[in-house]
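# Commentary on secondary and tertiary structure
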Amino acid sequence: MSIMWFKENAKWVIYFFGALILLGLILMDRAGSNFGTQNSVTAGEVNGHVISSESFRQELENYRQNETARTGRSPDQAQMVRMRNDMFEYKIQSILLGEEFSKYHMRASGEEMLHQFRNNPPPEVQSSPIFHTDSVFDPQKFENWLASDSAYAHPYMRNMEQQLSQYIVPQSQLQILLRSQSHKTVLEQRYQITQQETKAKLVYYYVSTDSITKVVDTIPEFELKAFFEAHPDSFYNNEEAAQLTYVKIPIVPSQIDSNNILSLAKMIRDRATEGEDFTTLATSYSEDPGSAEQGGHLGGFQARGAWVAPFAEAAFKLDSGDISAPVLTQFGVHIIQSHGKKMEEDIEKADLSHILLKIDPSPETIDSLVQSAEEIRKAALKSGNLENVAKLNGLEVKDSPVFSKSEWTPLGGEYMAGVNSFAFSSMEQNNKVSDVLQNDEGVFLFARKAKFEKGRHFERAKENIRQVMVRDAKLQSAALELEAIKPQLPDPNSELPSVIGKAVLDSSRGEVSSESWLAGYGFSSPVLVKVFTQPINQWGTIEKTDQAACIAAVLSRTEPSGEVIEAKLKQNQGSEEEEYKSMSLFQNYLTELKSSAKVENNLDQLFRF
């Protein structure tokens, strides 16, 4: 968790910087390297400042223990990797901010520290009973405590003094400096208020890019290349990246797994029909958490449509008290007990209980899949070609997306431990095929397809360029659709057809500002500022947004008076909006600091998985 996170959520949160639990940080991943040399690897460097592996591991372990204590459960592997990456980002920002504090000689006086603490009492102070009167935080009790000499001998206060002097107050000073350098003139503020307070009622037609289907997605490579070369300031990447080929053997239950669960279901059903209490059996065996706590009961009389077809077909054949044979659905194997049926408004309903047994892959099944993958890996290493060996074994070979070093997975939502290490770690650069890796979805093998260093690379940018060119082509087609119907448009104040060709009619329903959301335009579209200046009751020019081509008419417009503008000017001074802009400015500043910093990330070497 970073300082940015603190600033976005609440002023007081930053008081926990380095001192208290950094809530939300991911926990330590399975540490260690399979190569036995991790002790010589640092976690990384930022502008020559070394982040030691020892301190990085210790801080992660502290967070892991605190988070486990807070939630009552250990985090899964994917959460731990996210936390590890977030922790590294936090380290980067801390070092870069420290450099800025030193550069601008930012120091905290005793008065500044006391002012910060007095005016922003942290939550553990506000929640402490010793500062309460009638169960409510009493600022005067807090003031009295601060006035006592004994308060400053408390270990918590000594720690807070360190955080205030080294981080919190200097950061506030840096924010003040940034605000002073980006102060808007009164003229600029008046213009902005005028735009915000100018209201108009619109009627418009738009053609969405989603409605354009004739544009060919396949664009010749020479056109993609020409686009790349025509935009030399775009498609720059600050991180190295890679693309892999891979094969996946899905982890699915074997026939033996299914047979074992069916045998268990028959045994439970026999026990129920021989007189054992169904409710007790459901509580003990059912893997449906919602109903198991209710002894398997599914909530009273319900129609057939409440359940999947195989379940409903079996259930509605039962008389009250009957227990079904095992029923297979996509959720697993069910044993159903009927508590009766009735007709309600000509709809037959049943009151049911069930025991659900899920069919999961057994350890033996998973071991078998891993062994198959190991055999494929050996053959691929011998031949030097994973793709050929995989196809000989009937497996599909796919390409991963291009993914950067800091991304926690290259496979969309599927977390995959060990992939980043294989793709980026210098310790594995000579490995032609990855170790057998797995997650809940499958067993995987990876091979390298491409590696990209920082900077501009056509191959890396190619897919993004294709998407941009397809979007632009669709927008052009949408604009041509509007050009074709523009001569047919009736007076904007008349009865307008809801659809003309692919153009859809919409309106603002009332007077709105240019910062509103409108279908086809989106939210705070810059195009709306131009539209609002059109002559009233006339169709304007065709405009393109990110998602559609639009043509609008302004039916009415209200512009703010000088008095309204002056009142808004005064109101904006010190407003929450200005504070939000200050935070955004600080966040952008941090982003720019990082983009210009020399950062070395060694997490892929420090953590094998």
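Residues numbered from 1 in each chain as written. Predicted model: local features only at pLDDT ≥ 70, side-chain atom pairs only at ≥ 80, totals over all residues. Heavy atoms only, no water.

### Structural notes on unusual backbone geometry
Phi at F235 takes a positive value of approximately 65 degrees, unusual for a residue other than glycine. Along the chain, the position of F235 falls in the loop between helix 9 (221-230) and strand 6 (236-237). Owing to a relative accessible area of 19%, F235 belongs among the buried residues under this scheme. Positive phi is not limited to glycine here, since D346 has a value of about 65 degrees. Among the secondary structure elements, D346 is positioned in the loop between strand 10 (332-344) and strand 11 (347-357). (Helix = DSSP H or I, 4+ residues; strand = E, 2+ residues; numbered from the N terminus. Buried < 20%, exposed > 50% of the residue type's maximum accessible area, 1.4 Å probe, protein only.)

### Quick word on the confidence of the model for the protein
Per-residue confidence for the protein gives a mean pLDDT of 85; residues scoring 70 or more make up 90%. Across residues 1-39 the pLDDT falls below 50, and counting only partners more than four positions away or on other chains, this stretch makes 117 contacts in the model. (pLDDT = per-residue confidence, 0-100. Contact = heavy atoms within 4.5 Å.)

### As for the environment of D257
Relative to the assigned elements, D257 resides in helix 10 (residues 255-273). With 103 residues separating them along the chain, D257 and D360 place their C-alpha atoms 7.1 Å apart. Other than its neighbours up to four places away in sequence, D257 contacts I359, D360, P361, S362 and T365. In this structure the side chain of D257 is engaged in a polar contact, spanning 2.8 Å, whose partner is the side chain of S362. (Polar contact = N/O pair within 3.5 Å; in protein donor to acceptor, adjacent residues only side chain to side chain.)

### Re the sheet that holds strand 5 (residues 199-208)
If you trace the five strands from one edge of the open sheet to the other, you get 17-18-5-22-21, paired in antiparallel fashion. Where the open sheet ends on each side, the last strands, each with one partner, are strand 17 (499-500) and strand 21 (543-544). Of the pairings in the sheet, the one linking strand 5 to strand 18 (residues 503-507) comprises four bridges and is antiparallel in character. Considered in strand 18, the bridge of Y206 is made with V504. Against the sheet, helix 17 (residues 458-485) makes contact with strand 5, strand 17, strand 18, strand 21 and strand 22 (548-558), and its axis sits at roughly 55 degrees relative to strand 22, the strand it touches most. (Pairing = 2+ DSSP bridges. Axes fitted to C-alpha atoms, helices over the stretch in contact; angles between N-to-C directions.)

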